[in-house]
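Here's the letter readout for the chains.
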Amino acid sequence: MPADCDAWQQLTARAFELAQPVLAALCDEGYAPRVVMQGVVISRPGAGLQSFHADGGGGGLYNIFVPLVDVAPEADGTQF
């Protein structure tokens, strides 16, 4: 998404606001959570499954997933 997209900025800010208390509890004293990177992953209808993989690789980085559509509990979405 373009950095100047108001809707994207609002979504990012709200997701971080909601996650901030949990992230703050995970951080060492003296460190404050912050957004390092933001992006979008799109899956189109009929797209194949991704192979199992871990996102990121370094310690201290966390992902926040915000589905933009309703996801049924029995769906085969993101696994943790």
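Above this text you will find the structure in question.
A. A look at the overall build of the protein chain. For the protein chain, the count of helices and strands is one helix and zero strands. The contacts in the protein chain between residues at least 6 apart in sequence include a share of 48% that link residues at least 24 apart.

B. Looking closely at the environment of methionine 37. Inspection of the secondary structure assignment puts methionine 37 in the segment after helix H1 (6-26). Among the residues examined, methionine 37 registers a relative accessible area of 72% and is labelled exposed.

C. Seen up close, the pattern of salt bridges. If you walk through the whole model with that rule in mind, you get one salt bridge. Put simply, glutamate 17 and arginine 14 hold a salt bridge, and the shortest N to O gap is 2.8 Å. Here the residue glutamate 17 and the residue arginine 14 both occupy positions in helix H1, the gap between them amounting to three residues, near one helical turn.

What counts as what
Residues numbered from 1 in each chain as written. Predicted model: local features only at pLDDT ≥ 70, side-chain atom pairs only at ≥ 80, totals over all residues. Heavy atoms only, no water. Helix = DSSP H or I, 4+ residues; strand = E, 2+ residues; numbered from the N terminus. Contact = heavy atoms within 4.5 Å. Buried < 20%, exposed > 50% of the residue type's maximum accessible area, 1.4 Å probe, protein only. Salt bridge = Lys/Arg side-chain N within 4 Å of Asp/Glu carboxyl O.

Keep in mind that these numbers describe shape and distance, not what the molecule does.
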